[in-house]
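Commentary on secondary and tertiary structure
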Amino acid sequence: MEASELLKKVRKIEIKTRGLSQNIFAGEYHTAFKGRGMTFSEVREYQYGDDIRDIDWNVTARHNHPYVKVYEEERELTVMLLVDVSRSRLFGAEGEEKREMIAEVAATIAFSAIQNNDKIGVIFFSDKIEKFIPPKKGRRHILFIISQLIDFKPDNSGTDIANVLRYFTDALKKRCTTFIISDFIDEHDYYKSLSIASNKHDVIAVQIYDKRDSQLPPVGLMKMADLETGTERWIDTSSKRVRKAYSKWWYERQQVMSDIMLRCNVDMTSISTDEDFVKSLKSLFQKRGVR
């Protein structure tokens, strides 16, 4: 992609997603993704109703009057985006291509993070680790991430979520808030790796899919291709039996995925490319915020 065209696309996504993070998600993000704990701030004189367990006995002894320790939330987080760059993200029959929505969702989360003074990093993955961008702060860093989301060209075409989870768990030692952004079309078993990752980190799954991933239109004979393997076959979509079998395959896949997320205690939202992702993200943030 030409540099001038890339800059225009980066700027377009920045304007849209930064506005969303400032005007819509700011409060929900802060509430949904709390800090790592409480850190000491100061001492002050004891007031009626204070917990006696917070009394600072050393200061109290010096002043001959009770003083308590005051704590505040350790707000700064490290946020990691695990972004699927396999070839299946290039599909788009309804609405925009999956990769375009993945870029917008990732950028919105990134801007929400820096609005709250959090660090943000990215791991691009296919069936291998394609690129690791270490967590940092700042607008320049975000714009670099967006440019990579738009123009990154992976070496491989497949998907291996288990592999990126293993890499992420080994690479990031401190607890992170982590978003897996993918269509989750993956033939590998990622349950064990997700379970380990979610025990160490706060993991959230964001599925981006196209409606044609889930159902076939009745348009007669159609050549279908697996973008990740290159396999092609002709399908008679006028057959109700074929369409029903395809929908059943998708439903069962979704059920397996939902069960894995539930067992691993991972919050998840699924967003179709012809939908407004704002509503789904806002709902996810609000749901986490009331817990």
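Residues numbered from 1 in each chain as written. Predicted model: local features only at pLDDT ≥ 70, side-chain atom pairs only at ≥ 80, totals over all residues. Heavy atoms only, no water.

It is worth spelling out the layout of surface pockets at this point. When its volume is computed, the largest pocket comes out at roughly 1,000 Å³. Lining the largest pocket are 33 residues; nearest its centre among them are M224, A225, D226, Y246 and W249. Secondary-structure elements contributing two or more residues to the lining of the largest pocket are α8 (211-214), β8 (221-225), β9 (232-236) and α9 (240-263). At seven residues, α9 tops the list of elements feeding residues into the lining of the largest pocket. Taken together, the residues that form the lining of the largest pocket break down as 14 nonpolar, six polar and 13 charged. (1 Å grid on protein atoms, 1.4 Å probe; cavity = no way out; pocket = protein on both sides within 12 Å on 5 of 7 lines; lining within 4 Å. Points joined across faces, edges and corners; volume = space filled by probe spheres on them. Helix = DSSP H or I, 4+ residues; strand = E, 2+ residues; numbered from the N terminus. Nonpolar A, V, L, I, M, F, W, Y, C, P; charged D, E, K, R; others polar.)

Next up on the list: the pairing of β9. Looking at chain direction, β8 and β9 are connected through five bridges and run antiparallel. For K223, the partnering residue across the bridge sits in β9 and is W234. Hairpin remark: β8 followed by β9, antiparallel, with six residues in the connecting loop; positive phi at G230, about 85°. (Pairing = 2+ DSSP bridges.)

Moving on, we get to the packing of aromatic side chains. In total, this model carries six aromatic pairs according to the counting rule given. Note on F124 and F152: the rings are 4.9 Å apart at their centroids and 10° apart in plane angle, and the pair reads as stacked. Taken as a pair, F124 in strand β4 (residues 119-125) and F152 in the loop between α5 (139-151) and α6 (161-171) lie far apart in primary sequence, 28 residues in all. Pairing W249 with W250 gives two aromatic rings, centres 6.3 Å apart and planes at 55°, and the pair type is tilted. Among the aromatic residues, those joined into a cluster by ring pairs are Y209, Y246, W249 and W250. Over the face of the ring belonging to Y191 we find R263, whose NZ or CZ atom lies 4.0 Å from the ring centre. (Phe/Tyr/Trp six-rings, centres within 6.5 Å; stacked < 30°, edge-to-face > 60°. Lys NZ or Arg CZ within 6 Å of the ring centre and 35° of its normal.)

Now for the sheet that holds strand β3 (residues 78-84). If you trace the six strands from one edge of the open sheet to the other, you get β5-β4-β3-β6-β7-β10, paired in mixed fashion. Every other strand in the sheet has two partners, leaving β5 (129-136) and β10 (267-272) as the edge strands with one partner each. Sheet twist, expressed as the mean angle between neighbouring strand axes with direction ignored, is 15°. Here α5 sits on the sheet in contact with β3, β4 and β5, set at roughly 165° to β5. With respect to the sheet, α6 is in contact with β3, β4, β5 and β6 (177-182), its orientation differing from that of β4 by roughly 140°. (Axes fitted to C-alpha atoms, helices over the stretch in contact; angles between N-to-C directions. Contact = heavy atoms within 4.5 Å.)

We now examine the environment of T177. Structurally, T177 is set in strand β6. Assessed through its relative accessible area of 4%, T177 is described here as buried. Note: C-alpha distance between T177 and K200 (23 residues apart in sequence) is 10.0 Å. (Buried < 20%, exposed > 50% of the residue type's maximum accessible area, 1.4 Å probe, protein only.)

Attention now moves to the packing of α6 against helix α7 (residues 191-200). Contact geometry of α6 with α7 gives a least axis separation of 9 Å together with a crossing angle of 30°. As far as their axial angle goes, α7 and α6 are roughly parallel. Considering only the axes of α6 and α7, their crossing is left-handed. Between α6, through A162, L165, R166 and T169, and α7, the contact on the second element is made entirely by S193, L194, I196, A197 and K200. In the contact of α6 with α7, the residues fall into five nonpolar, two polar and two charged. (Parallel < 35°, antiparallel > 145°, perpendicular 65-115°, else oblique. Left-handed = near helix turned anticlockwise from the far one by under 90°.)

All right, on to the environment of H141 then. By the secondary structure assignment, H141 is in helix α5. Expressed as a C-alpha distance, the spacing of H141 and K119, which sit 22 residues apart in the sequence, is 9.8 Å.

A few words on empty space enclosed by the protein. Counted by the stated rule, this structure contains one cavity of 30 Å³ or more. Quantified by volume, the largest cavity comes out at close to 60 Å³. As for the largest cavity, its lining consists of V83, D84, V85, R89, R99, I102, F124, Q148, L149 and F152. Going through the elements one at a time, β3, α4 (98-115) and α5 are the ones with two or more residues in the lining of the largest cavity. In terms of residue class, the lining of the largest cavity is made up of six nonpolar, one polar and three charged.

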